[in-house]
Amino acid sequence: MVKESTSETKNLNVIQESESLIEFPAVTSPVPSFEQVMMTSSHSQLTMPQVFAIAAYSKGFACSAGPGRVLLFEKMEEKDFYRESREIRIPVDPQSSDPSQSDKQDVVCMCFSPSEETLIASTSKNQLYSITMSLTEISKGEPAHFEYLLYPLHSASITGLATCIRKPLIATCSLDRSVRIWNYESNTLELFKEYQEEAYTISLHPSGHFVVVGFADKLRLMNLLIDDIRSFKEYSVRGCRECSFSNGGHLFAAVNGNVIHIFTTTSLENISNLKGHTGKIRSIVWNADDSKLISCGTDGAVYEWNLSTGKRETECVLKSCSYNSVTISPDAKIIFAVGSDQTLKEIADSSVLRETSAFDVTYTAIAISHSGRMIFVGTSLGTIRAMKYPLPLQKEFNEYQAHAGPVTKVLLTFDDQFLLTAAEDGCLFTWKVFDKDGRGIKREREVGFAEEVLVTKTDMEEKAQVMLELKTRVEELKMENEYQLRLKDMNYSEKIKELTDKFIQEMESLKTKNQVLRTEKDKQDVLHRERVDDLLEKQSRELQDLECCNNQKLLLEYEKYQELQLKSQRMQEEYEKQLRDNDETRSQALEELTEFYEAKLQEKTTLLEEAQEDVRQQLREFEETKKQIEEDEDREIQDIKTKYEKKLRDEKESNLRLKGETGIMRKKFSSLQKEIEERTNDIESLKGEQVKLQGVIKSLEKDILSLKREIQERDETIQDKEKRIYDLKKKNQELEKFKFVLDYKIKELKKQIEPRENEIKVMKEQIQEMEAELERFHKQNTQLELHIAELWQKLKATDQEMRRERQKERDLEALVRRFKTDLHNCVAYIQEPRLLKEKVRGLFEKYVQRADMVEIAGLNMDLQQEYARQREHLERNLATLKKKVVKETELHRTDYVRIMQENVSLIKEINELRRELKFTRSQVYDLEAALKLTKKIRPQDVQETVTSEDIPGIAATVRLNEQEETGRIIEMQRLEIQRLRDQIQEQDQVPGFHSLSGTRLPSLVESEVDSEVQTQ
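Keep in mind that this is a model prediction, so the values were computed, not measured. (Residues numbered from 1 in each chain as written. Predicted model: local features only at pLDDT ≥ 70, side-chain atom pairs only at ≥ 80, totals over all residues. Heavy atoms only, no water.)

**A closer look at the pattern of salt bridges**
For step 1, the next point in the chain: According to the stated counting rule, one finds 32 salt bridges in the structure shown.
For step 2, the next point in the chain: Taking the shortest distance from any N to any O, the salt bridge between K218 and E234 comes out at 3.0 Å. Taken together, the residues span a long stretch of sequence, with K218 in the loop between β15 (210–215) and β16 (219–224) and E234 in strand β17 (residues 229–235) at a distance of 16 residues.
For step 3, the next point in the chain: Judged by relative accessible area, K218 falls into the partly exposed class, the value being 32%. (Salt bridge = Lys/Arg side-chain N within 4 Å of Asp/Glu carboxyl O. Helix = DSSP H or I, 4+ residues; strand = E, 2+ residues; numbered from the N terminus. Buried < 20%, exposed > 50% of the residue type's maximum accessible area, 1.4 Å probe, protein only.)

Right, dumping it as structure tokens:
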């Protein structure tokens, strides 16, 4: 957004002087933008943020307030003021190399959709953002964030543009240090990457898998992967401004100042350098069969290079013109060039065949269709011109306004269906090409666009490794979940007992509450009915009183109103009569005065005439007295004037007095009208009060209905609670049954505890032995794996050597065949010794010397390849060993942690079982003492005793026969031993399970074992 300095200072002064309706909050961005720093340096006294854009909508308006911020203001209901309702910010771009710069953009333009559902904003860095207004209303309290309207765009001039044959891709680079890959079929951004240096040029391989980019420091050859642009070769070509792949993709050219470097894509080597330009090269283009390269530069030269010889074939030099772009026709006969002389030149055989004027515009880029029938030109004004070939003499072309800056690149896709243009304004346009009739150009493709993408081997291996790790993790989680489920079952069985007690207590409390609520409900019903009856009676009385009062008041007011109407009519008639009389008297008085004064004037005029006659007759006699008479007359005239003026003033004062009286009468009339209006207002206010009372009555009726509804709802809740109580009773009965079953199981388990401890000791010893065996097997496996890996590498090396030997054998056989054929041809000249001598010498030069050179080169290549092979072999071994060490350490650590956790849980379970065993033995001893089945005395060492009152159901327990108990215990122990053996076999079969050496279960408490032996 460009502004003049004078208008800016005026706007600032207006802001300072005028009273603002909006109060802006302080800027909260941590780092100020460049525009903000410039404004603060020039206008330090200004503290409010700068507003670049404003947009109105139905609720208020939106305006930009500082970098990266938009504020929404809504109109207040009471006053003509606006208050801030919402803050919207530009989000940080995580894909950018400097994410903090994205929220420092100034919003320069905003627009609402017609439905006011979305707000679109454009920024100073050529980005488009959007936000839905419903989201701003939902997320209140926190600032909302914009989203890209489609995808991030270039923020600076586009310097490079390229397309390919096998894929619908467009590659662009810009001075904003980014490279972007677009899809012109789906109109999407496929890949995007930012770099530390500026990118000046870009070229896309015909296959669409590779790209060449010229940066400020280097020329990079990069792979287009599925989700990244990764460099695999760098060339020390600084400031490369132009580069281009050949149509076949086997070569690419790169410009360094005034030199063109030619590289191969197979060996990635520089095969030739084309020198000849004296100025900077601005454009290069390949012909259809890649045999020639055309270049143009600022030195006014257009050269055609032969790549087989590396020399110029044709040249056309015009030093007065600085060329911008060049292209060649599909048949490679005519070269088209545009430059600073505002013409389009056709060049053939080192001479300019024809020049076409650009009509006061400089052409900056040119492209020709693959059919050779259309030429497209970009201008310095940002327009695109489409013209037919052969070129017209007159101004016959179609011009399209597109860009806001000079066009930098123009390009056609391989099928001539799309025209691509880029300019200094950072915009990329795709144009659909049509013919005169509006039909699209259709070219049948033998093969569709390729869908293959590049993926590196390391990425695939990492994904496979992640899959394996996830599978092992899932298996571990399954084992942990099973163990946790067992623990939860134990916990839940204990919780069920607690819940049954709680439910019984809650049921009793709910019954008591229910009874209390019913009593309260009955009381409230009685009170409510009484209140409703009182309110209805009061309401009926007040209505009757109000109706009587209002009727009386209305009658009185109506009578007063009629009397006032009669009085006002009489007053109006009297005032009208008085006004008529005053008008008549005034008119009569004026007529009499005028007649009187006219008569006097006539008399005076007659007297003056007579005096004049006397003066004429007696001039000589009365010359001395003449002056005195004149003075006397003047005095008399003045006296008469004063008298008449006094009379006029009196008449005027009387008129004014009459006018004042009429005004007073009018005021009285208006005051009476006001009184009448006040009375009518009183009547209306009384009617309003009546309406309010009716509203109160209706609200009371609504309250009554709502109270009835509440009563119904409470009845329903009481019924629901009763149903719930009934369900809880059923659940309680089921839980009691479950409790009885669990008690029986607990008794059986307690009987099986004693022999199981001996089994646990035996199994622990077996487990330790098996862990030692597992360690030994694991070490053997690792050694075997290393041996197998070495054997595989040796086998690969022998395969490669065998392939090389076979290739050498094939080459020698081919050489022998060629030598035999040439020798057979020489035999034909056996009758001519001179020719025979020449042929034999040719055979010697052809086979003997070349074979020696081949053997020497082959030896050197074999040594280098063997060295590289050995180095790669050692590096691979080292990498595999490192990976194995890391994996084994992780597996050992996880297995160690898991085994320790299992050991701790098992020890806890053993201790709990021992406590329960002690408790059951004490119970059994007490029961036997109570039933007098045994007469033994309990040892004094045992201090834990349980009273007969704490044990429920002593009479119900019956001791089983000792033989049956021992038989049942033996069977249970056999089953447990079988289960443990199955678990050990499963652990042996699980891959990646390795036992840890030196990890043993902690020792059991020997004191408890001794005490148990003593009690037995």
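**Re a nonpolar patch on the surface**
For step 1, the next point in the chain: Among the surface-exposed residues, I120, L128, L149 and L150 lie close enough to one another that they form a single nonpolar patch of about 340 Å² accessible area.
For step 2, the next point in the chain: Looking at I120, the relative accessible area reads 32%, which means it is partly exposed. (Patch = residues over 30% accessible without salt bridge, like charges linked within 9 Å, V, L, I, M, F, W, Y side chains within 5 Å. Areas by Shrake-Rupley, 256 points an atom, 1.4 Å probe, with all protein chains shown as cover.)

**Quick word on the side chain of S203**
For step 1, the next point in the chain: For S203, the location among the structural elements is in strand β14 (residues 199–204).
For step 2, the next point in the chain: Among the polar contacts listed, one links the side chain of S203 to the backbone nitrogen of F245, at a separation of 2.8 Å.
For step 3, the next point in the chain: The contact partners of S203, leaving out residues within four places of it in the chain, are A162, F210, V211, V212, C243, S244 and F245. (Polar contact = N/O pair within 3.5 Å; in protein donor to acceptor, adjacent residues only side chain to side chain. Contact = heavy atoms within 4.5 Å.)

**Observations concerning the sheet that holds strand β21 (residues 270–275)**
For step 1, the next point in the chain: In space, the 4 strands of this open sheet follow the order β18-β19-β20-β21, with antiparallel pairing throughout. The open sheet is flanked by β18 (243–245) and β21, the only strands paired with a single partner. Pairs of neighbouring strands in the sheet enclose a mean axial angle of 15 degrees, with direction left out of account.
For step 2, the next point in the chain: Relative to β21, strand β20 (residues 259–264) runs antiparallel, the two sharing 5 bridges. Looking at the pairing, V259 lines up with K275 of β21. (Pairing = 2+ DSSP bridges. Axes fitted to C-alpha atoms, helices over the stretch in contact; angles between N-to-C directions.)

**Comments concerning the packing of aromatic side chains**
For step 1, the next point in the chain: Evaluated as defined, the whole model comprises 20 aromatic pairs.
For step 2, the next point in the chain: Ring plane angle 20 degrees and centroid distance 5.2 Å describe the contact between F61 and F73, whose orientation is recorded as stacked. Separated by 12 residues along the polypeptide, F61 in strand β2 (residues 60–64) and F73 in strand β3 (residues 69–75) bring together distant segments of the chain. Residues F61 and F73 agree in their burial class; the two are buried.
For step 3, the next point in the chain: Measuring from centroid to centroid gives 3.9 Å for Y597 and Y644, while their planes differ by 85 degrees, and the two rings are edge-to-face. On the criterion of sequence distance, the pair formed by Y597 in helix α4 (residues 457–617) and Y644 in helix α5 (residues 626–751) is long-range, its members being 47 residues apart.
For step 4, the next point in the chain: In this structure an aromatic cluster arises from ring pairing among Y235, F245, F252 and F263.
For step 5, the next point in the chain: Between the NZ or CZ atom of R312 and the centre of the ring of Y303, over which it lies, the distance is 4.4 Å. (Phe/Tyr/Trp six-rings, centres within 6.5 Å; stacked < 30°, edge-to-face > 60°. Lys NZ or Arg CZ within 6 Å of the ring centre and 35° of its normal.)

**Here's the deal with the confidence of the model for the chain**
For step 1, the next point in the chain: Residues of the chain with pLDDT of at least 70 account for 85%, and the chain-wide mean is 81.
For step 2, the next point in the chain: In this model, residues 934–960 is a region of pLDDT below 50 whose contacts with residues beyond four sequence positions or in other chains number 27 contacts.
For step 3, the next point in the chain: Across residues 991–1016, where pLDDT falls below 50, the model places 44 contacts with residues more than four positions away in sequence or in other chains. (pLDDT = per-residue confidence, 0-100.)

**Side note on a negative patch on the surface**
For step 1, the next point in the chain: There is a patch of like negative charges on the surface, built from E494, E498, D501, E909, E912 and E916.
For step 2, the next point in the chain: Listed by contribution, the elements that provide at least two residues to the negative patch are α4 and α7 (833–931).
For step 3, the next point in the chain: The residue D501 is located in helix α4 in this model. (Lys, Arg positive; Asp, Glu negative; His and termini not counted. Charge placed at Lys NZ, Arg CZ, Asp CG, Glu CD.)

**Quick notes on a positive patch on the surface**
For step 1, the next point in the chain: Among the surface-exposed residues, K513, K721, R724 and K731 lie close enough to one another that they form a single positively charged patch.
For step 2, the next point in the chain: Topologically, K721 is positioned in helix α5.

**Remarks on the sheet that holds strand β22 (residues 281–286)**
Strand pairing in a sheet is mediated by backbone hydrogen bonds. Such pairs are either parallel or antiparallel.
For step 1, the next point in the chain: The strand order across the open sheet built from 4 strands is β22-β23-β24-β25, with neighbouring strands paired in antiparallel fashion. Because the sheet does not close on itself, it has two edges, and the strands there are β22 and β25 (311–317). Shown here is a sheet whose adjacent strand axes are inclined to one another by a mean of 20 degrees, direction ignored.
For step 2, the next point in the chain: Direction of pairing for strand β24 (residues 301–306) relative to β25: antiparallel, over a ladder of 6 bridges. Bridging across to β25, N306 finds its partner in K311.

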